[in-house]
Amino acid sequence: MEISNTLPPAYSASSDTSQKTSSDPAISSDFETFLRMLTAQMQNQDPLNPVDSTDYATQLATFSSVEQQVLSNDLLRNISTALDAGGLSQLSGWVGMEALSTAPAHFSGTPISLRPEIPADAAKTELVVKDGSGAVVERQNITGETGVIEWSGSTINGNQAATGSYSFELSVTSKDGETEVLPVPTYDRIVEARTVAGTLVLGLESGTDISADDVAALRST
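Remember, it's a predicted structure, so these values are computed and weren't measured experimentally.

Draft legend 1. Representation of a negative patch on the surface in the model. Residues Asp121, Asp176, Glu178 and Glu180 make up a contiguous surface patch of negative charge. Inspection of the secondary structure puts aspartate 176 in the loop between β7 (164-174) and β8 (179-183).

Draft legend 2. Just the pairing of strand β9 (residues 186-196), in detail. Judged from the four bridges that link them, strand β1 (residues 98-101) and β9 form a sheet pairing that is antiparallel. The residue bridging leucine 100 from the neighbouring strand is tyrosine 187, located in β9. Summarising the sheet, β9 and strand β10 (residues 199-204) pair through six bridges and their orientation is antiparallel. Its bridge partner lying in β10, alanine 193 is registered against leucine 202. The turn joining β9 and β10, which pair antiparallel and follow one another in sequence, is formed by two residues; a positive phi near 55 degrees is taken by alanine 197.

Draft legend 3. Quick look at the pairing of β8. Of all five residues making up β8, only zero are buried, and the element is barely covered by its neighbours. As judged from the five bridges shared by β7 and β8, these two strands associate in the antiparallel manner. Considered in β8, the bridge of leucine 170 is made with leucine 182. Following β7, the chain reverses through four residues before pairing antiparallel with β8; glycine 177 in that reversal takes a positive phi of roughly 90 degrees.

Conventions adopted
Within any chain, residue numbers begin from 1 and follow the written order of that chain's sequence. Residues qualify for local features only when their pLDDT is at least 70, as the model is predicted, and side-chain atom pairs are given and counted only at 80 or more; totals for whole chains, interfaces and linings, by contrast, use all residues. Note that water and hydrogens are dropped before the side-chain values are worked out from all heavy atoms of the structure. Only residues above 30% relative accessible area that lack a salt bridge enter a patch, with like-charged residues linked at up to 9 Å and the nonpolar side chains Val, Leu, Ile, Met, Phe, Trp and Tyr linked at up to 5 Å. Exposure was quantified through the Shrake-Rupley algorithm and a 1.4 Å probe, taking into account, for residues, occlusion by the shown protein chains and nothing else. Note on definitions: salt bridges are taken to be side-chain nitrogens of Lys or Arg within 4 Å of carboxyl oxygens of Asp or Glu. For the purpose of charge, His is not counted, nor are the chain termini; Lys and Arg are scored as positive and Asp and Glu as negative. To locate a charge, take NZ of a lysine, CZ of an arginine, CG of an aspartate or CD of a glutamate. Only DSSP runs of H or I reaching four residues or more are called helices, and only runs of E reaching two or more are called strands; each is numbered from the N terminus. Two strands form a pair only when DSSP identifies at least two bridges running between them. Note on exposure labels: buried denotes an accessible area under 20% of the residue type's maximum, exposed denotes more than 50%, and partly exposed covers the range between, all computed with a 1.4 Å probe on protein chains only.

The analysis is restricted to geometry; functional conclusions fall outside its scope.
Written out as structure tokens, the structure is:
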């Protein structure tokens, strides 16, 4: 799923204020220092070998270029901050919803919803459930089933699965007898949204972190 980052309405005012309070005083001070140095240079030059006016113009142009670069860097920094804030603002509405992804899901007694993608040529499809350590706790024949299915927490030995994180796989046998293992997308509740190195990250109830781009669907709890 693609997440679009848009500048929040308050961007213009906040970025202008930030520039005026942080960058302008420093640049103004540097410019005054430069003018004093330039004046001192003119006053103390050799009258028999004065500095060419072209050199003065070059120095002024160089300083002006550096000044503009500093302003540009500050503007880009403010835009980046605004983009991050805008992205988090959008994702704040996701917290509490259930995200569909191939990450492990949290089980606490309530059935977990799965959306397996079964190949059209599948002759037999088996759901394989693994706990947090990777041990298989359940196998179910789901041949012919479509859409969203529920895992109630039942295990191979007939007991109820313990509270924890579980992952799901499909063991698919084709009509030619070939077997392949596929991940099963599951729904898990989003408990946190944050940015990590410029990437929007969602924390799931299972304790797994996923990128917002890895979310295939959302639904309310």
